Amino acid sequence: MIRFLLKRFGIMVTTLFIIATATFFLMKLLPGTPYSNPDKLSEQQIAMMNQKYGLDQPVPIQYARYMGNLIQGDLGVSLHYKGRPVSQIILERIGPSALIGFQALIFGSFIGLALGIISALKPNTLFDYGSVTLAVLGMSIPSFVLASLLQYYIGVKLKWLPPGLWESYTSSLLPSLALSVIVIATVARFIRGEMLEVLGQEYIMTARAKGVTEWGVVMRHVLRNSLIPVVTMMGPLAVGIITGTLVVEKIFSVPGLGEQFILSIMSKDYSVIMGVTLFYSALFILTVFVVDVLYGILDPRIRETEGGRT
Amino acid sequence: MRVRLILCLMIVVLVGGTVLSGCNFGSSGNNSSSTGAEDGAGSDAAPKQILNMIEGDEISTLDVAKDMSAVSANAMNSLFDGLFRYNDKDQPELALAQEYKVSEDGLTHTFILRDAQWSNGDPVTAHDFEYGWKRVMQEKGPYISLFELASLLNVNKILDGEMKPDDLGVKAIDDKTLEVKLSVPSPMLEMLLALPIFMPHNQKFVEQAGEKYGLEYDKVLSNGPFVMTDWKHDQSWQYKKNDRYWDAENVKLEEINVFVVKEGSAAVNLFDTGKVDRAVNLSPFDVTGYEGSEHFIKMATTSNSFIRLNPDFAPFKNENIRRAISMAVDRESLTSIVLNDGTIPSYGIVPANFAISPDNMYFRDVNGDLSKDTKEEAQALWQKGLSEIGQTKLEPTLIFSDVDWSKKTAEFLKAQLEKDLPGLTLKLKTVPHQQRVKQEKAFEYEMSLSTWGADYNDPTAFLDMWVTGRAANRMKYSNPSYDELFAKSTMETDPKKRYDMLLELEKILIKEDAALVPLIQFGNLILKRSNVKGLIEHYSGIEYSLKWAYIE
């Protein structure tokens, strides 16, 4: 197990290194400067400012310098928010994104699970058709359309929840709801499909033949086995939500990280682009890792093969 | 199984709790009055002097040596007071300077400061100005060109590295007397001195704050109408009245909460719910239904768009071709039907409602429409031009930035010009904004949908760039008589004569040479509650002034 973890850790670090390198060189291909009024700067001024921020050096030297600092944990300072440390920007911005994303996952999984289970147990009924339709709608309506609708009807017309800004816990509910729809849809569809498949398995028949109650069959045998693929889906879904927050964050004026990511690319804020990309990559890699471990816990067959290696 | 379930729940609660505690909601801390608007409406007493408003972006920094782009400049204008301040007519009026003397040759300006204090009680002295300006030179920030424009003594030599920032032509004679030396007389000096880059800085405070200066609300010291009492990055910031301000009796607002909202639709929603009293960054789509409302303001800005024509593209060497294109554009349809966002047609390079003459007239009104003519006239010129260059058709490529209005404008131009100018095929190419600027600088374009905005209220903001070899020329425009007249205008100390020269310059550029195609002047859509009075919407330099604003 320890060898497995070490090996995975090694792969994770290597991946991050490759991502950092690729991002750095790709980013340098972007046209323009990170300064706010490129139209009005003369070549002389741009040269002066490049020199000040070390951007006049050849790209490989800038790269070496950046990586050197990165190894020491220094993400540098923003070029757009003159001199604000990148690590501070990420720390300030991650809270709201994480809360919205986390809530969206929780809301989404629970509602999705409930819809999926009932649909699978009562297939081809009105309820089933209803929830399948809902799932298809949820998949196909972009979250920003839904966000705008929620904002207008619940925020402005009904005034149940604040239509924007980030002032109290209630501010986080509408954005979470807007984001959770895709999770509801994905989870419901998935669970329904998996459960229908598991319900047809012979061991379910065995269980029923042994006299296990219907509730017991569903909870212990069907649901548990249907959850395994859902767990694998959770990883990408979680990351998708974190990056997907950017539009929703903008609509609700939430000071989150997704919004900052786009902004930094638009303004060529090199150090912030690097910092946020690395942060997202690390998060993605970590999520995949956690999902792999969880998978082993849920599915004994996988646990055994992994365990066999240690 | 049950144990695992409990464990899972515990993890959920733990993670949830950590996340919640880490997301710094705006209402915690000292942001005390987000419900101000409703409080004010409910009581019969005088309304609370609290203004809630929206900015479309975060302040990048409050350190003017490092940046002075729009949102930052607006904030600095609320926090600082300089020698001059813009009044409701966009004209500079004496602020911290009490008296003002100019030497006979126009090169030495002496300012006597009034008694004023920083918000920490330190007196504002002439040394603060000297320190602040020299610091800007030291930092070599992006807006340093304004120092060149003001013709401060030795600026160019300092930029070339021949002299030190300390040699800048500004000196505190004593605590109350500031002497400013110029290299040549600068007719725009007063106009420029009201800009944030010329504000004083408290040396002791700046040095104490170090790298963090201007980045947090407690890392900035103001001497203006308001002080900053809170700043949650990318969310909101708050001003309170500065009781130590020298003109505090004319400041009525007690508190201003500014929220960062980047989506126009969200801004309108917040305006509708009464959360904010002023919303900006709006598109025509956002304000549907507000047309004709007392809260709705549609105003022109001092930014415009025009088409650069690259003379390296052989057909554009022909004056008739250039003039035909310029005259053929149907700007009225473009602004009122296609864009419909407060944009107005431009028939000159200097915008309307801008740059008042010594006779109290706007530049555009005096010079009139320089590139306007009938379709038939344009077509005749077009045919004449084509035969002169011996061609029957022309296929130039127009590059434009990948933003909404640019795309709409480019598509309109293609359809309209191809219809009205037979033989013209306009190829369109979208590029990122910075790529467009880069291509312009490298002359790698044929036609480019360009934009320009004024940093200061003077026609030269749009005329200086066409002098031979200027960095912003990007069109290789070169006309010896233009250069000569421009040089003469910078030496002219009689405002009336100078203004006439500037009028003439625009005529040379647009009317005689048809060097470029003037297109449109951008508009600005603003929602402002009608009980907000005295909030000045400026046309140039700064977007608005809060100093005299109050709630009725």
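Owing to the predicted nature of the structure, the values given are computational and were not obtained by experimental measurement. (Residues numbered from 1 in each chain as written. Chains lettered and ligands numbered in written order. Predicted model: local features only at pLDDT ≥ 70, side-chain atom pairs only at ≥ 80, totals over all residues. Heavy atoms only, no water.)

Enquirer: Help me out: how do you make sense of the overall build of chain A in this one?
Expert: Within chain A one finds 12 helices and zero strands. Listed by position from the N terminus, the elements making up chain A come as α-α-α-α-α-α-α-α-α-α-α-α. Taken along its principal axes, the extent of the C-alpha atoms in chain A is 85 × 60 × 30 Å. Every one of the 310 residues in chain A was classed for burial, and the buried ones make up 48%. Restricting to contacts in chain A with at least 6 residues of sequence separation, those with at least 24 account for 72%. (Helix = DSSP H or I, 4+ residues; strand = E, 2+ residues; numbered from the N terminus. Buried < 20%, exposed > 50% of the residue type's maximum accessible area, 1.4 Å probe, protein only. Contact = heavy atoms within 4.5 Å.)

Enquirer: Mind showing me how you'd approach the overall build of chain B here?
Expert: Regarding its fold elements, chain B presents 18 helices and 21 strands. Against the compact-globule benchmark of 24 Å for 552 residues, chain B has a radius of gyration of 26 Å, which places it among compact chains. Viewed in the frame of its principal axes, chain B has a C-alpha envelope of about 80 × 80 × 50 Å. Accessible surface computed for chain B: about 21900 Å², of which carbon and sulfur atoms make up 51%. Computed over 60 positive and 82 negative side-chain charges, the separation of the two mean positions in chain B equals 4 Å. (Rg over C-alpha atoms; globule rule 2.2 N^0.38 Å. Areas by Shrake-Rupley, 256 points an atom, 1.4 Å probe, with all protein chains shown as cover. Lys, Arg positive; Asp, Glu negative; His and termini not counted. Charge placed at Lys NZ, Arg CZ, Asp CG, Glu CD.)

Enquirer: Would you take a moment to explain the environment of Asn473(B) for this structure?
Expert: Residue and element names in this part refer to chain B. Relative to the helices and strands, Asn473 resides in the loop between α16 (460–463) and α17 (480–491). For the pair Asn473 and Arg308, spaced 165 residues apart in sequence, the C-alpha to C-alpha distance is 9.4 Å. Ignoring sequence-local partners within four residues, the contact set of Asn473 consists of Arg308, Met465, Trp466, Val467 and Thr468. In terms of polar contacts, Asn473 uses its side chain to reach the backbone carbonyl oxygen of Tyr477, at 3.0 Å. (Polar contact = N/O pair within 3.5 Å; in protein donor to acceptor, adjacent residues only side chain to side chain.)

Enquirer: How do you make sense of the pattern of salt bridges when you look at a structure like this?
Expert: When their charged atoms lie close together, side chains carrying opposite charge are able to pair. According to the stated counting rule, one finds 40 salt bridges over all chains in the structure shown. Two residues, Arg84(A) and Glu58(B), come together in a salt bridge whose shortest N-O distance is 3.3 Å. Residue Arg84(A) is found in the loop between α3 (59–71) and α4 (86–121), and its partner Glu58(B) is found in the loop between β1 (50–55) and α3 (70–79); the two belong to separate chains. Where Asp234(B) meets Arg93(A), a salt bridge forms, and the shortest distance between an N and an O atom there is 2.7 Å. (Salt bridge = Lys/Arg side-chain N within 4 Å of Asp/Glu carboxyl O.)

Enquirer: What exactly am I supposed to notice about the UniProt feature "transmembrane region" (unreviewed entry) in chain A here?
Expert: Residue and element names in this part refer to chain A. Annotation from UniProt places "transmembrane region" (unreviewed entry) at residues 9–30, 100–121, 133–153, 173–191, 227–252 and 272–295. With 100% helix and 0% strand, residues 173–191 has its two end C-alpha atoms placed 25 Å apart. Taken end to end, residues 272–295 comprises 100% helix and 0% strand; its first and last C-alpha atoms sit 34 Å apart. (UniProt positions renumbered as here; feature names shortened; annotations may be inferred.)

Enquirer: What am I meant to see in the nonpolar core here?
Expert: Considering soluble globular proteins, one finds that nonpolar side chains tend to be buried as a cluster. Trp133(B) and Phe198(B) are the most contacted members of the largest nonpolar core, which has 114 residues in total. Per-element accounting of this core gives the leading share, eight residues, to helix α18 (residues 495–512) of chain B. Not counting the four nearest positions on each side in its chain, Trp133(B) is found in contact with Leu83(B), Phe147(B), Leu152(B), Leu168(B), Val170(B), Val180(B), Leu193(B), Ile197(B), Phe198(B) and Met199(B). Within the second largest apolar cluster, 35 residues are counted, among which are Ile117(A), Ala147(A), Leu161(A) and Leu237(A). (Core = buried A, V, L, I, M, F, W, Y, C linked by side-chain atoms within 4.5 Å.)

Enquirer: Got a minute to help me understand the packing of aromatic side chains in this structure?
Expert: Remark: the centre distance and the inter-plane angle together describe each pair of aromatic rings, the angle taken between the planes. Residues and elements named next belong to chain A. Within this structure, the stated rule accounts for 25 aromatic pairs over all chains. Here the aromatic rings of Phe261 and Tyr280 are separated by 5.4 Å at their centres, their planes lie at 70°, and the arrangement is edge-to-face. You can see Phe261 sitting in helix α10 (residues 257–266) and its partner Tyr280 sitting in helix α11 (residues 270–298), a full 19 residues away along the chain. A connected cluster of aromatic rings, assembled from ring pairs, spans Phe24, Phe25, Tyr63 and Tyr66. (Phe/Tyr/Trp six-rings, centres within 6.5 Å; stacked < 30°, edge-to-face > 60°.)

Enquirer: Honestly, the packing of helix α1 (residues 2–27) of chain A against α11(A) in this entry has me stumped. Any pointers?
Expert: Any two packed helices are characterised by the angle at which their axes cross and by the distance between the axes. Residues and elements named next belong to chain A. Two elements in contact, α1 and α11, have axes whose closest approach is 10 Å; the angle formed by their N-to-C orientations is 155°. Taken together, the axes of α1 and α11 are roughly antiparallel relative to one another. For α1 against α11, the interelement crossing comes out right-handed. On α11, the residues touching Leu5, Arg8, Met12, Thr15, Leu16, Ile19, Ala20, Thr23, Phe24 and Met27 of α1 are Tyr270, Ile273, Met274, Thr277, Leu278, Ser281, Ala282, Ile285, Leu286, Val288, Phe289 and Asp292. Residue composition of the contact of α1 with α11, grouped by class: 16 nonpolar, four polar and two charged. (Axes fitted to C-alpha atoms, helices over the stretch in contact; angles between N-to-C directions. Parallel < 35°, antiparallel > 145°, perpendicular 65-115°, else oblique. Left-handed = near helix turned anticlockwise from the far one by under 90°. Nonpolar A, V, L, I, M, F, W, Y, C, P; charged D, E, K, R; others polar.)

Enquirer: How should I be thinking about the side chain of Thr302(B) in this particular structure?
Expert: All names here are of chain B. Relative to the elements of secondary structure, Thr302 occurs in strand β12 (residues 296–309). For Thr302, a relative accessible area of 5% translates into the label buried. Among the polar contacts listed, one links the side chain of Thr302 to the backbone oxygen of Tyr539, at a separation of 2.7 Å. If near-sequence neighbours (up to four positions away) are discounted, Thr302 is found in contact with Pro351, Phe354, Trp452, Gly453, Ala454, Phe462, Tyr539 and Ser540.

Enquirer: Hey, could you run me through the packing of helix α10 (residues 319–328) of chain B against helix α13 (residues 375–389) of chain B in this one?
Expert: Residues and elements named next belong to chain B. Direction vectors running N to C along α10 and α13 enclose 155°, while the axes themselves pass 8 Å from each other. With respect to α13, the axis of α10 lies roughly antiparallel. Considering how the two elements wind past one another, α10 and α13 form a crossing that is left-handed. Across the interface between the two elements, Asn320, Ile321, Arg323, Ala324, Ile325, Met327 and Ala328 of α10 pack against Ala378, Leu381, Trp382, Lys384, Gly385, Leu386, Glu388 and Ile389 of α13. Taken together, the residues of the contact of α10 with α13 sort by class into 10 nonpolar, two polar and three charged.

Enquirer: Explain the interface of chain B and chain A to me, please; I cannot follow it from the model alone.
Expert: It is common to give the size of an interface as the accessible area that goes away when the parts come together. Every contact between the two is made by 63 residues of chain B and, on the other side, 54 residues of chain A. Buried surface at the junction of chain B and chain A, both sides included, amounts to about 4800 Å², of which 55% is carbon and sulfur. For the interface between chain B and chain A, the tally reads 11 residue pairs in polar contact (both at pLDDT 80 or more). Sorting the residues of the side of chain B that touches chain A by element identifies α1 (2–21), α5 (145–149), β10 (255–260), α9 (264–272), α15 (433–441) and β16 (447–453) of chain B as the ones contributing at least two each. Counting residues per element, the side of chain B that touches chain A draws most heavily on α15(B), at seven residues. Class assignment of the residues belonging to the side of chain B that touches chain A gives a composition of 22 nonpolar, 21 polar and 20 charged. (Buried area = accessible area lost by both parts, 1.4 Å probe.)

Enquirer: Sorry if this is basic, but what is going on with the pairing of strand β17 (residues 517–528) of chain B here?
Expert: All names here are of chain B. Of all 12 residues that make up β17, 10 are buried, and the element is covered over most of its length. With two bridges connecting them, strand β11 (residues 278–279) and β17 associate as antiparallel partners. When the sheet's bridge partners are listed, Ala279 is paired in β17 with Leu527. In this structure, β12 lies alongside β17, joined through nine bridges in antiparallel fashion. For Ile297, the partnering residue across the bridge sits in β17 and is Ile526. Strand direction decides the pairing type here: strand β13 (residues 344–345) and β17, joined by two bridges, are antiparallel. Bridging from a neighbouring strand, Ile344 pairs with Gln521 of β17. (Pairing = 2+ DSSP bridges.)

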